[in-house]
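As a plain string of letters, each chain reads:
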Amino acid sequence: MPPLGNREAVANLMQEGLCKTLSSDAATSACFGYLHDEHDDVQYRIYSDSGNGQESKKSVSVSTALKSDFRPPFYRTLRYGLALKLAIAQLRFHPSPWMPKAWSLDEISLSYGNSSAGIVDFETPHVTASIDNQAKTSDGRSPRDETFWSLGIVLLELCFGKRLETHDLWNSPFARNPLDPFQRLAIAQEWARDVELEADADYAEAVQWCLQRAPIDASRNEWRKEFVQSVIQPLERCCQSMAPRKAATSPGLCALSL
């Protein structure tokens, strides 16, 4: 896109603040402003999606979609497909401000389609993240990375189709606070023992890596190769094994029908 002329004076969103501008009450169908790509010397103008009505903007959280009375049902194959998409997002965007500091099904949403029936689009999840600078500890280092083990918990919840808070271990004396990250991790590690029985060994491998073998600090890229081998590829194999197969015609049945 060519540089903006003087006749179309709009704000530089990098200076004004992209999120602040888009969330303001002044959001209209007019141009919000532009983003400048200095590498290619290109400017991108940002407009509101005025072509879609309010109905198309409705969404539902994945935690709501897991409820037993939710319709249409969030079937296992759809849940496992979502698990793979989240793992790929972890690989592509972590660590960056576009990623949540910790995964939660409450902050992953599914949009309703544009049809009159309002069918939920299970294939295109949206993640809510706060775009800010990553926090630092007092000595200047990054804090313990929570995204990996919180991803492991999300994979568990998608595996079984229910939240970690519903696990029976929360009734035990040592686990009373579902908000305590260490208690959540301890119960998740115990729950992970059952993944292979619910799904398969590949899904179990992905969960175990996130909960037990993930790096504390992901600022270096050494983790990516192991993440692909131990999380993404196993989830891909699991999803492929569960993909619906076309019914093959049985020669025996054909003979009987003659």
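So, here is what we can say about the structure in this document. All figures in this text were calculated on a predicted structure; none of them were measured in a lab.

**Let's talk about helix 5 (residues 147-160)**
Next up, step 1: Between its first and last C-alpha atoms helix 5 spans 20 Å; for 14 residues at 1.5 Å apiece the expected length is 20 Å, and the two agree.
Next up, step 2: Burial of helix 5 is extensive: 14 of the 14 residues sit out of reach of the surface.
Next up, step 3: Within two residues after helix 5, glycine 161 carries a phi angle of roughly 75°, on the positive side.

**Section: the sheet that holds strand 5 (residues 120-127)**
Next up, step 1: One open sheet accounts for 3 strands, arranged 3-4-5; its pairing is antiparallel. Strands with a single pairing partner mark the edges of an open sheet, and in this sheet they are strand 3 (59-61) and strand 5. When the angles between neighbouring strand axes are averaged without regard to direction, this sheet yields 35°.
Next up, step 2: Here strand 4 (residues 108-112) runs beside strand 5; their pairing, made up of 4 bridges, is antiparallel. Considered in strand 5, the bridge of tyrosine 112 is made with valine 120.
Next up, step 3: In the packing of helix 4 (residues 76-93) onto the sheet, the strands contacted are strand 4 and strand 5, and the crossing angle to strand 5 comes to about 25°.

**Brief notes about the pattern of salt bridges**
For side chains bearing opposite charge, pairing can occur when the charged atoms are close.
Next up, step 1: On inspection of all chains with the given rule, the structure shows 7 salt bridges.
Next up, step 2: As a salt-bridge pair, glutamate 190 and arginine 193 come within 3.2 Å of each other at their nearest N and O atoms.
Next up, step 3: When its relative accessible area of 61% is taken as the criterion, arginine 193 is described as exposed.
Next up, step 4: Among the salt bridges present, the one from arginine 237 reaches aspartate 202, with a minimum N-O distance of 3.0 Å. One end of the pair, arginine 237, is in helix 9 (residues 223-242); the other, aspartate 202, is in helix 8 (residues 201-213), and 35 residues separate them in sequence.
Next up, step 5: Its relative accessible area of 37% is what places arginine 237 among the partly exposed residues.

**Some words on unusual backbone geometry**
Next up, step 1: The peptide bond linking arginine 71 to proline 72 adopts the cis configuration, its omega dihedral lying at 0°.
Next up, step 2: Across the junction of histidine 94 and proline 95, the peptide omega takes the value -5°, indicating a cis bond.
Next up, step 3: Tracing the backbone shows proline 95 in the loop between helix 4 and strand 4.

**Let's talk about the side chain of aspartate 202**
Next up, step 1: Among the polar contacts listed, one links the side chain of aspartate 202 to the side chain of arginine 237, at a separation of 3.0 Å.
Next up, step 2: Every residue in contact with aspartate 202, bar those within four places of it in the chain, is listed here: Pro234, Arg237 and Cys238.

**As for the packing of helix 4 against helix 9**
Next up, step 1: Contact pair helix 4 / helix 9: the axes reach a minimum separation of 10 Å and the direction vectors enclose 160°. Considering their axes alone, helix 4 and helix 9 lie roughly antiparallel with respect to each other. Crossing geometry of helix 4 relative to helix 9 is assigned as left-handed. Taken together, the residues of helix 9 that come into contact with helix 4 (itself represented by Arg76, Thr77, Tyr80, Gly81, Ala83, Leu84, Ala87, Ile88, Gln90 and Leu91) are Trp223, Arg224, Phe227, Val228, Val231, Ile232, Leu235, Glu236, Cys238, Cys239 and Met242.
Next up, step 2: Classifying every residue of the contact of helix 4 with helix 9 by side-chain character gives 15 nonpolar, 3 polar and 3 charged.

The rules behind these values
Every chain is numbered independently, its residues counted from 1 as its sequence is written. Totals for whole chains, interfaces and linings use all residues, but because this is a predicted model, local features are given only for residues with pLDDT of at least 70 and pairs of side-chain atoms are given and counted only at 80 or more. Side-chain metrics in this entry use all non-hydrogen atoms of the structure; hydrogen atoms and water are not considered. A helix here means a DSSP run of H or I that spans at least four residues, while a strand means a run of E at least two residues long, and both kinds are numbered starting from the N terminus. Expected helix span is given by 1.5 Å per residue-to-residue step, counting one fewer step than there are residues. Accessible area is worked out with a 1.4 Å probe on protein chains only. A residue is then buried under 20% of its type maximum, exposed over 50%, and partly exposed in between. Here, a strand pair is defined by DSSP locating no fewer than two bridges between the strands. Note on geometry: axes are C-alpha line fits, over the in-contact stretch for helices, and angles between N-to-C directions span 0 to 180 degrees. Contact criterion: two residues are considered in contact whenever any of their non-hydrogen atoms come within 4.5 Å of each other. Should a side-chain nitrogen of Lys or Arg be within 4 Å of a carboxyl oxygen of Asp or Glu, the pair is scored as a salt bridge. Between N or O atoms, a polar contact is any pair within 3.5 Å; within protein, one atom must be a potential hydrogen donor and the other a potential acceptor, and residues adjacent in sequence are included only when both atoms are from side chains. Each angle gets one of four labels, with under 35 degrees taken as roughly parallel, over 145 as roughly antiparallel, 65 to 115 as roughly perpendicular, and the rest as oblique. Definitions for this section: a left-handed crossing has its near helix turned counterclockwise from the far helix by less than a right angle. A right-handed crossing has that turn clockwise. Here the term charged refers only to Asp, Glu, Lys and Arg, the term nonpolar to Ala, Val, Leu, Ile, Met, Phe, Trp, Tyr, Cys and Pro, and the term polar to all other amino acids, Gly among them.

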